[in-house]
Amino acid sequence: GAVVSQHPSWVICKSGTSVKIECRSLDFQATTMFWYRQFPKQSLMLMATSNEGSKATYEQGVEKDKFLINHASLTLSTLTVTSAHPEDSSFYICSAISGTGGSPLHFGNGTRLTVT
Amino acid sequence: AQRVTQPEKLLSVFKGAPVELKCNYSYSGSPELFWYVQYSRQRLQLLLRHISRESIKGFTADLNKGETSFHLKKPFAQEEDSAMYYCALSGDWGNQFYFGTGTSLTVIP
């Protein structure tokens, strides 16, 4: 089946630094990748949608300058949390889709970010 | 606006009992509905999708457009069904996915 690899699985960084999270589709070309954030005991919150070669579409309330998304190829999308603050500590999950209109998502394992 | 609602955060049933996880949605177009499952320490994975009308691991879900529901059902729960279940909706163009808050199912032996 389709595999999405997300790296790193967990990261601890100091406040003010930037962290990059990678999301790769290993055996399929991902036309669209999604980035989610999950707070404890809450639902997956869609942060942004990225299509290869174009700018990401951010959901309302998500700071695009803080959460930089790059989807440079059909198999790689990156999320960079810039100038991280403790409130950015969360679980970030990427997912990818290989088609349109009803194709299921394939998820990465997620990244636990802790900002100290 | 909340597009996908899962009213139960926690659900416990005894092994062998029927289980139903509720999902209601709000969407003006023609959405695709999915159920995703996350077993302990594993990634989210697709359980089933309404357009395929298949049964996975004994689970079924019927899309009821009149009631805007997509409830997940299984006639006889098994211990290995204990997991977190998310109902999800994909918009017309498949470029947005919305998730419910999830239901944690515990099957009591």
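Regarding its fold elements, chain B presents zero helices and 11 strands. Counting from the amino terminus, chain B carries its helices and strands in the arrangement β-β-β-β-β-β-β-β-β-β-β. Compactness check: chain B gives a C-alpha radius of gyration of 13 Å against a globular reference of 13 Å for 109 residues, within 12% of the reference. For chain B, the proportion of its 109 residues judged to be buried stands at 44%. Excluding contacts between residues fewer than 6 apart, the proportion of contacts in chain B whose partners are at least 24 apart in sequence is 57%. Put simply, chain B shows about 5600 Å² of open surface, and 50% of that area lies on carbon and sulfur atoms. Of the side-chain charges in chain B, 12 are positive and 10 negative, and the distance between the mean point of each set is 4 Å.

This part covers the confidence of the model for chain B. Per-residue confidence for chain B averages 88 on the pLDDT scale, and 94% of its residues sit at or above 70. Across chain B, strand β3 (residues 19-21) of chain B holds the top mean pLDDT of 97, while strand β10 (residues 97-99) of chain B sits lowest at 81.

Below, the discussion takes up the state of the cysteines. Cysteine pairs can be linked by a disulfide, which is a covalent bond between their two sulfur atoms. Counted according to the given criterion, the structure contains two disulfides over all chains. Across a sulfur-sulfur distance of 1.9 Å, B:Cys23 and B:Cys87 are joined as a disulfide pair. In this structure the cystine formed by B:Cys23 and B:Cys87 twists about its S-S bond by roughly -65°; its chirality is therefore left-handed. Residue B:Cys23 is found in the loop between β3 and β4 (24-25), and its partner B:Cys87 is found in strand β9 (residues 83-90); the two are separated by 64 residues along the sequence. Here A:Cys13 is not cross-linked by a disulfide; its sulfur's nearest cysteine counterpart is in A:Cys94, at 18 Å.

Here we take up the packing of aromatic side chains. On inspection of all chains with the given rule, the structure shows 10 aromatic pairs over all chains. Their ring planes at 90° and their centres at 5.3 Å tell us that A:Tyr36 and B:Phe99 sit as a pair that is edge-to-face. With A:Tyr36 in strand β4 (residues 32-38) and B:Phe99 in strand β10, this residue pair bridges two chains. Look at B:Phe34 and B:Tyr36: their rings are 6.0 Å apart centre to centre, the planes differ by 40°, and that puts the pair in the tilted class. Just as B:Phe34 is buried, B:Tyr36 falls in that class too. The structure contains a cluster of three or more aromatic residues connected by ring pairs, namely A:Phe34, A:Tyr36, A:Phe107, B:Phe34, B:Tyr36, B:Tyr86 and B:Phe99.

Tracing the backbone through its elements, the reader meets A:Ser95 in strand β9 (residues 90-97). Judged by relative accessible area, A:Ser95 falls into the buried class, the value being 0%.

Turning our attention to the pairing of strand β6 (residues 45-49) of chain B. All names here are of chain B. Here strand β5 (residues 32-38) runs beside β6; their pairing, made up of four bridges, is antiparallel. Its bridge partner lying in β6, Val 37 is registered against Gln 45. Where β5 folds back onto β6 in an antiparallel hairpin, the turn is made up of six residues, including Arg 41, whose phi is positive at roughly 65°.

So, on to the sheet that holds strand β7 (residues 60-61) of chain B. Residues and elements named next belong to chain B. One open sheet holds the three strands; their spatial order is β3-β8-β7, and the pairing between them is antiparallel. Edge positions in the sheet fall to β3 and β7, since each has one partner strand and no second. Direction of pairing for β3 relative to strand β8 (residues 72-74): antiparallel, over a ladder of three bridges. If you follow Leu 21 over to β8, its bridge partner there is Leu 72.

Moving on, we come to the sheet that holds strand β1 (residues 4-7) of chain A. Remark on secondary structure: sheet strands pair via backbone hydrogen bonds, oriented parallel or antiparallel. All names here are of chain A. If you walk across this open sheet you meet the four strands as β1-β3-β8-β7, and the pairing is antiparallel. Here the strands that pair on one side only, and so sit at the sheet edges, are β1 and β7 (67-73). The average undirected angle you get between the axes of adjacent strands in this sheet is 15°. Pairing geometry for β1 and strand β3 (residues 19-25), over four bridges, is antiparallel. If you follow Gln 6 over to β3, its bridge partner there is Cys 23.

With respect to the helices and strands, B:His50 occurs in the loop between β6 and β7. If we skip the residues at most four places from it in the chain, B:His50 touches B:Pro31, B:Glu32, B:Leu33, B:Leu63 and B:Phe70.

What counts and how
- Residues numbered from 1 in each chain as written.
- Chains lettered and ligands numbered in written order.
- Predicted model: local features only at pLDDT ≥ 70, side-chain atom pairs only at ≥ 80, totals over all residues.
- Heavy atoms only, no water.
- Helix = DSSP H or I, 4+ residues; strand = E, 2+ residues; numbered from the N terminus.
- Rg over C-alpha atoms; globule rule 2.2 N^0.38 Å.
- Buried < 20%, exposed > 50% of the residue type's maximum accessible area, 1.4 Å probe, protein only.
- Contact = heavy atoms within 4.5 Å.
- Areas by Shrake-Rupley, 256 points an atom, 1.4 Å probe, with all protein chains shown as cover.
- Lys, Arg positive; Asp, Glu negative; His and termini not counted.
- Charge placed at Lys NZ, Arg CZ, Asp CG, Glu CD.
- pLDDT = per-residue confidence, 0-100.
- Disulfide = S-S within 2.5 Å.
- Phe/Tyr/Trp six-rings, centres within 6.5 Å; stacked < 30°, edge-to-face > 60°.
- Pairing = 2+ DSSP bridges.
- Axes fitted to C-alpha atoms, helices over the stretch in contact; angles between N-to-C directions.

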